[in-house]
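Chain by chain, the residues run as shown.
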Amino acid sequence: MSGAFLFSSSRDPGARLGFSAALLQGLAPDGGLYVPAEWPRLPVDAFDGAVALPEVAQRLLAPLLAGDPLAGELAAIAGEAFDFPAPLVPLSPDGRLAVLELFHGPTAAFKDFGARFLAACFARLRGTASRPLTILVATSGDTGGAVAAAFHRRPGIEVAVLFPKGLVSPTQERQLTCWGDNVRSLAVRGTFDDCQRLVKQAFLDPQLREQRALSSANSINLGRLLPQAVYYAATSLAVSREFGESASFVIPSGNLGNSLACLWARRLGLPIGQVVLAHNANRGVPDFLESGEWRPRPSVATLASAMDVGNPSNLERLRALYPRLGELRAALSATSVTDEEIRARIRAGFRTYGQVWCPHTATAAEAWERLPPEQRARGRWVLVATAHAAKFREIVEPLIGREVPMPGSLARLFARPVHCVEIDATLAGLRAALGTQGSSWTI
Ligand SMILES: *Cc1c(COP(=O)(O)O)cnc(C)c1O
């Protein structure tokens, strides 16, 4: 594959491979995460005429897939993955503050973009393989639904979603169990950590490995991260075309996948100004930026539960991008928001703007309110809305005193019958639930 664009492990710049190989491997053999081995600069005029997400995706990603087996499929993959919009909704009449709505996909959260792109890639890489490809996902809530939706009814690929029985919200559980066909929903009698342990054990189990090709679709996969740079590119281009200014983003952050995609887009040359990370009470990253010392810690439960991460895996990519602390501090800022502040911001967002925000989006709104006025006055600000409020209606409705209308996509999911198998948190339990080679999963 001479001349192919290459990715390297965050731990070893010398360990290089192409996009498809990085996608199939997930994690690098040395335990690092795949990052672009170099950074092509894309001038803004490379995007001339590209407005819609699929076109922006092609221009942005073509240089990164150059020479890869999937390069010729990029147009089809982008068309399939980016088939729902990411509208930018102005909040102030002068348009200086706006909300980027990333929740118009099948499971009403931004993870649909990455999951759908990854599924479109995997479907093409499978080709004529003889063994079924089984994707294992351990989920504490949001990821499993997006991955199941993206892979549902894809030939040659099966998905097993492992979640801790009784420990996800009723709304989340519906999204994890409404699939059937090639998706198996496994309610594990244990915790989220047990689910993650089982997935790791499965990858090491000779019996399972002989029967099936195993892969994972978790958020560290390059195939989920890269497509997320596309909506930042499209938004910053739209803002710079309309106002001649760069767009600054406030991003609800947990595992840092979404914010890293924004920083990658900026590194590739897109007109992006400041980047502010909004964390919930899991304040490891803000504390790290302040002290310069990284201390992983156990996660604490908050209202913005999809960001309850004590030790973000993508921190490794962030440090690879900005190896020196001074650079890192200049490149972004981060702040931590309490549950009480989230509640107050959901109320205020409804009162002031008529906006109904999920708890994650509210952390971004709160982080923006905290910025010094002179910083807010510079450039154009975009609050990133990561999920539809209806996914967190139990929290949001009492705060705004009214019902949150369910988007059509979620209503359709909730109307589907439930398929779920309960298993013990043991490898034997998982093996039995996956069944033997060749058995059909179709229910
Ligand atoms: C996953 C998720 C986040 C956090 O995104 P990271 O990429 O993990 O930082 C924020 N909001 C919602 C709704 C999510 O599902």
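In this text the structure is predicted, and so the values were computed from the model without any measurement.

What follows deals with the overall build of the protein chain. Secondary structure assignment for the protein chain yields 19 helices and 14 strands. Its C-alpha atoms give the protein chain a radius of gyration of 21 Å, near enough to 22 Å, the size a compact globule of 443 residues would have. Summarising its shape, the C-alpha atoms of the protein chain cover approximately 60 × 55 × 40 Å along the three principal directions. Within the protein chain, contacts between residues separated by at least 24 positions form 73% of all contacts whose residues are at least 6 apart in sequence. Split by element, the accessible area of the protein chain, about 17,300 Å² in all, is 52% carbon and sulfur. In the protein chain, 45 positive and 40 negative side-chain charges are present, and the distance between their average locations comes to 1 Å.

Neighbouring the ligand are 14 residues, the closest being Lys111, Asp142, Gly254, Asn255 and Thr386. Between asparagine 258 and the ligand, the recorded distance is 2.9 Å, taken from a backbone N or O atom to an oxygen atom. When the free accessible area of the ligand is taken as 380 Å², the share hidden by the protein chains comes to 96%. Partitioning the shell around the ligand into residue classes produces 5 nonpolar, 7 polar and 2 charged.

Taken in spatial order, the 6 strands of this open sheet run β4-β5-β13-β10-β11-β12, and their pairing is mixed. The two strands at the open ends of the sheet, each matched to only one other strand, are β4 (88–90) and β12 (333–336). Put simply, the sheet's adjacent strands are angled 25 degrees from each other on average, direction ignored. Two elements, strand β10 (residues 247–252) and strand β11 (residues 272–279), share 5 bridges in a ladder whose sense is parallel. Bridging from a neighbouring strand, alanine 247 pairs with isoleucine 272 of β11. On the sheet, helix α10 (residues 257–267) packs against β10, β11 and β13 (380–385) and is oriented at approximately 170 degrees with respect to β11.

This part takes up the sheet that holds strand β1 (residues 7–9). In space, the 3 strands of this open sheet follow the order β2-β1-β3, with antiparallel pairing throughout. The strands lining the two open edges of the sheet, one partner per strand, are β2 (12–17) and β3 (34–36). On average, adjacent strands in this sheet sit at an angle of 45 degrees to one another, irrespective of strand direction. Note that β1 and β3 share 3 bridges and pair antiparallel. When the sheet's bridge partners are listed, phenylalanine 7 is paired in β3 with proline 36.

For the structure on display, the rule yields 24 salt bridges. Among the salt bridges present, the one from glutamate 316 reaches arginine 11, with a minimum N-O distance of 2.6 Å. A residue pair is termed long-range when its members are at least 10 positions apart, and glutamate 316 in helix α12 (residues 315–321) and arginine 11 in the loop between β1 and β2 qualify at 305 residues. Two residues, aspartate 194 and arginine 197, come together in a salt bridge whose shortest N-O distance is 3.1 Å. Of this pair, aspartate 194 and arginine 197 both sit in helix α7 (residues 192–204), separated by 3 residues, roughly a single helical turn. Judged by relative accessible area, which is 31%, arginine 197 ranks as partly exposed. Within this structure, Glu341, Arg345, Glu366, Glu369, Arg370 and Arg376 form a network of salt bridges that share partners.

Counted according to the given criterion, the structure contains 12 aromatic pairs. Here the aromatic rings of tyrosine 231 and tyrosine 232 are separated by 5.0 Å at their centres, their planes lie at 50 degrees, and the arrangement is tilted. You can call tyrosine 231 buried: its relative accessible area is 1%. For tyrosine 232, a relative accessible area of 0% corresponds to the buried category. Linked through ring pairs, Phe82, Phe84, Phe113, Phe117, Tyr231, Tyr232 and Phe249 together constitute an aromatic cluster. Here the basic side chain of arginine 376 rests over the ring of tryptophan 368, its NZ or CZ set 4.8 Å away from the ring centre. Over the ring of phenylalanine 243 we find arginine 380; its NZ or CZ atom is 3.7 Å from the centre of that ring.

Reading the values: the criteria
Residues numbered from 1 in each chain as written. Predicted model: local features only at pLDDT ≥ 70, side-chain atom pairs only at ≥ 80, totals over all residues. Heavy atoms only, no water. Helix = DSSP H or I, 4+ residues; strand = E, 2+ residues; numbered from the N terminus. Rg over C-alpha atoms; globule rule 2.2 N^0.38 Å. Contact = heavy atoms within 4.5 Å. Areas by Shrake-Rupley, 256 points an atom, 1.4 Å probe, with all protein chains shown as cover. Lys, Arg positive; Asp, Glu negative; His and termini not counted. Charge placed at Lys NZ, Arg CZ, Asp CG, Glu CD. Near = heavy atom within 4 Å. Polar contact = N/O pair within 3.5 Å; in protein donor to acceptor, adjacent residues only side chain to side chain. Nonpolar A, V, L, I, M, F, W, Y, C, P; charged D, E, K, R; others polar. Pairing = 2+ DSSP bridges. Axes fitted to C-alpha atoms, helices over the stretch in contact; angles between N-to-C directions. Salt bridge = Lys/Arg side-chain N within 4 Å of Asp/Glu carboxyl O. Buried < 20%, exposed > 50% of the residue type's maximum accessible area, 1.4 Å probe, protein only. Phe/Tyr/Trp six-rings, centres within 6.5 Å; stacked < 30°, edge-to-face > 60°. Lys NZ or Arg CZ within 6 Å of the ring centre and 35° of its normal.

On their own, these measurements won't tell you what the molecule is for.
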